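Structure at a glance
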Amino acid sequence: MPTEPASWPKPTLHAYAGYGWLRGFSVVPSWGARIEEAWWFYDGARFRDEVGLARQVHANCIRVWIEFTAWMAAPEQVTERFLDAVKAIGEAGMKAMPCLFNRWHDARYDYGGTYTECLFRNWQPRLDYVRALVTPLARDDRVLAWDLCNEPHAHDLKSEVNQREFAWLRDVAATVRGCGVKQPITIGTMNGGNIESFAPLVDVLCAHPYARDRKALDDLITGYKVMREKHGKPMLVNECIPGALDDTVRAEVARYYTELLAEAGLGWMGWALRGGKAISTRRDRYDGNGINNQGFHPFFTKDGKLRGGLGFLTERPERRPPWEGNG
């Protein structure tokens, strides 16, 4: 496995040993069936209304998705909209965790991202995109961390395609660091070998647990502890909690997930904040990543109401983020 270059600078802004206080959500705004639509049809007022919902449940971070294919159509305009979204999250009293690329794809109602074919093309334009978005925020306190990519595929580096994916994200990581970022870098990896494969590129390890029961989640958390010790790096969870069509079932799962992940020092960021057009954020287009393979994920309905049974999230949490004290 490749090793981490010794010359890479360490983060000095929002560099934490643990993340038990982290609570938030991944966001593709409700008007976007695809990531591109979220930015081509961006509405700052609507975005502020949507991320404001997260404060009802004491969220302190929003993982906001963007993608090269959205930016390339109108680079200056989309960059401006992205910076406004970060501003909106800050105005709501939360930090932003930009997710720069997506490698998760649905076979039926895909919402876009970077495809395997792109790994075998010239990725210099994608690095230009990274520089455009990252440079203005490289020392900005409103950014908690940079998530380079949601769920890259590689669980090892044995195949050519996996090696290409690693090389691409290695160049993305180097580009982000070359912008002079002070915040940590992470990659939205899933579990096991996926985390291990990209560990050399990040400052903070990341996991996406979607275990279907408490025992299975406990087992995953045990494995995460081993990985943290092995790599000598902190870990956070920036996407989690299986979806469900049944609100009561969803609430039961959310309760033990949020409790166990906070206790383990990993924190939690649920997928997804609000019902909308994208796959898994609407009841008639759920994905398979849920209880009974019914991955309907929003915490808030499309009308902005907290789903039934989730009222416990409105209680003030014991763990507070470091910038609020008692973190």
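Higher on the page you've got the structure.
To keep things clear, this report deals only with the structure shown in the data block. Everything numeric in this text was worked out from a predicted model, so none of it was measured. (Residues numbered from 1 in each chain as written. Predicted model: local features only at pLDDT ≥ 70, side-chain atom pairs only at ≥ 80, totals over all residues. Heavy atoms only, no water.)

Some remarks on the sheet that holds strand β8 (residues 268–270)
Here we have four strands laid out as an open sheet, ordered β3-β2-β1-β8, and parallel in their pairing. In this open sheet, the two strands that pair with only one neighbour each are β3 (95–96) and β8. With four bridges connecting them, strand β1 (residues 23–27) and strand β2 (residues 61–64) associate as parallel partners. Each residue of the ladder has a partner; that of Ser26, found in β2, is Arg63. (Pairing = 2+ DSSP bridges. Helix = DSSP H or I, 4+ residues; strand = E, 2+ residues; numbered from the N terminus.)

Overview of the packing of helix α5 (residues 124–134) against helix α6 (residues 160–178)
Where α5 meets α6, the axes come as close as 9 Å, and the angle between the chain directions of the two elements is 30°. When the axes of α5 and α6 are compared, the pair comes out roughly parallel. In this structure, α5 crosses over α6, and the sense of that crossing is right-handed. Across the interface between the two elements, Arg126, Leu127, Val130, Arg131 and Val134 from α5 touch Trp168, Asp171, Val172, Thr175 and Val176 from α6. Here the residues of the contact of α5 with α6 are counted per class, giving six nonpolar, one polar and three charged. (Axes fitted to C-alpha atoms, helices over the stretch in contact; angles between N-to-C directions. Parallel < 35°, antiparallel > 145°, perpendicular 65-115°, else oblique. Left-handed = near helix turned anticlockwise from the far one by under 90°. Contact = heavy atoms within 4.5 Å. Nonpolar A, V, L, I, M, F, W, Y, C, P; charged D, E, K, R; others polar.)

Concerning unusual backbone geometry
For the peptide bond that leads from Trp271 to Ala272, omega is 5°, which places it in the cis range. For Ala272, the position within the fold is in the segment after β8. One non-glycine residue with positive phi stands out, namely His58, at about 60°. If you trace the backbone, His58 turns up in the loop between α2 (44–54) and β2.

With respect to helix α4 (residues 75–91)
A turn of α-helix holds 3.6 residues, and therefore any two residues three or four places apart point the same way. Spanning 17 residues, α4 covers 24 Å between terminal C-alpha atoms, matching the ideal 24 Å at 1.5 Å per step. All buried positions along α4 are accounted for by Val78, Thr79, Arg81, Phe82, Ala85, Val86, Ala88 and Ile89. The first or second residue beyond α4 is Gly93, which carries a positive phi of 85°. (Expected span 1.5 Å × (residues − 1). Buried < 20%, exposed > 50% of the residue type's maximum accessible area, 1.4 Å probe, protein only.)

Notes on the environment of Ile35
Here Ile35 is to be found in helix α1 (residues 35–40). For Ile35, a relative accessible area of 0% gives the class buried. Counting along the chain gives 199 residues from Ile35 to Pro234, while the straight-line C-alpha distance between them is 29 Å.

Regarding α5
All of the buried residues in α5 are Arg126, Leu127, Tyr129, Val130, Leu133 and Val134. The buried residues of α5 all sit within an arc of 155° when viewed along its axis, so they share a single face. Tucked inside the fold, the buried residues of α5 contact α3 (68–71), α4, β4 (146–150) and α6. (Arc of directions from axis to C-beta.)

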